[in-house]
Amino acid sequence: MRIAVAADERVGIADALVDSLRERGHEPLLHGALAEGERDDWAWASEAAARDVAAGRAEQAVVCCWTGTGASIAANKVPGIRAALCADAATAAGARRWNDANALALSLRATSEAELGEILDAWFDAAPSDDDSDRANIAHVEEIA
């Protein structure tokens, strides 16, 4: 799977994230501090990754900044993106299942490498719900302007 990855700094789990995605067989499309010559500010980097998903160049995105909050806000401004800030595996699984999240936001500061592995396991193991109520909520989110 092609996954757009953005980070505003190469600190914390930034490099471990890219390595882990590759080890899992994914193709990371790098943005921000992870890509030579790109603007590395969180808003620009996260927007670039989210636009990859919206345009179909990537199936999902992982966006990162110091807290993960700014990265999630920027990604969520791109139409069609449902970014979820996840600090643990249960939140990641729920974001995929109930919210059909297509962008994972992570904190470079607060996420350990052990937690990163658990979060990615849960993210990739979960699938969007087929429940009518859950699908109706996702459809409604898409309609909100």
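Refer to the structure above for everything that follows.
Residues numbered from 1 in each chain as written. Predicted model: local features only at pLDDT ≥ 70, side-chain atom pairs only at ≥ 80, totals over all residues. Heavy atoms only, no water.

### Side note on unusual backbone geometry
In this structure, Asp100 is a non-glycine residue whose phi angle is positive, near 45 degrees. Taking relative accessible area as the criterion, Asp100 reaches 13% and is therefore assigned buried. (Buried < 20%, exposed > 50% of the residue type's maximum accessible area, 1.4 Å probe, protein only.)

### A word on the pattern of salt bridges
Going through the model one piece at a time under the given rule, you end up with ten salt bridges. Arg82 is the partner of Glu142 in a salt bridge, and the nearest nitrogen-oxygen pair spans 2.6 Å. Here the residue Glu142 occupies a position in helix H6 (residues 132-143), and Arg82 occupies one in the loop between helix H3 (69-76) and strand E4 (83-85), the gap between them amounting to 60 residues. Looking at Glu142, the relative accessible area reads 41%, which means it is partly exposed. Its salt-bridge partner being Asp100, residue Arg96 comes within 3.6 Å of it at the nearest N-O pair. (Salt bridge = Lys/Arg side-chain N within 4 Å of Asp/Glu carboxyl O. Helix = DSSP H or I, 4+ residues; strand = E, 2+ residues; numbered from the N terminus.)

### Regarding the packing of helix H4 (residues 89-99) against helix H5 (residues 113-125)
Between H4 and H5, the shortest axis-to-axis distance is 8 Å and the interhelical angle comes to 20 degrees. Taken together, the axes of H4 and H5 lie roughly parallel to each other. At the point where H4 passes H5, the crossing takes the right-handed sense. On H5, the residues that touch Ala89, Ala92, Ala93, Ala95 and Arg96 of H4 are Glu118, Ile119, Ala122 and Trp123. (Axes fitted to C-alpha atoms, helices over the stretch in contact; angles between N-to-C directions. Parallel < 35°, antiparallel > 145°, perpendicular 65-115°, else oblique. Left-handed = near helix turned anticlockwise from the far one by under 90°. Contact = heavy atoms within 4.5 Å.)

### Some thoughts on the pairing of strand E3 (residues 60-65)
E3 sits mainly inside the fold: six of its six residues count as buried. Of the two faces of E3, both are covered, the one formed by Gln60, Val62 and Cys64 as well as the one formed by Ala61, Val63 and Cys65. Here five bridges tie strand E1 (residues 2-7) to E3, and the two strands are oriented parallel to one another. If you follow Ile3 over to E3, its bridge partner there is Gln60. (Pairing = 2+ DSSP bridges.)

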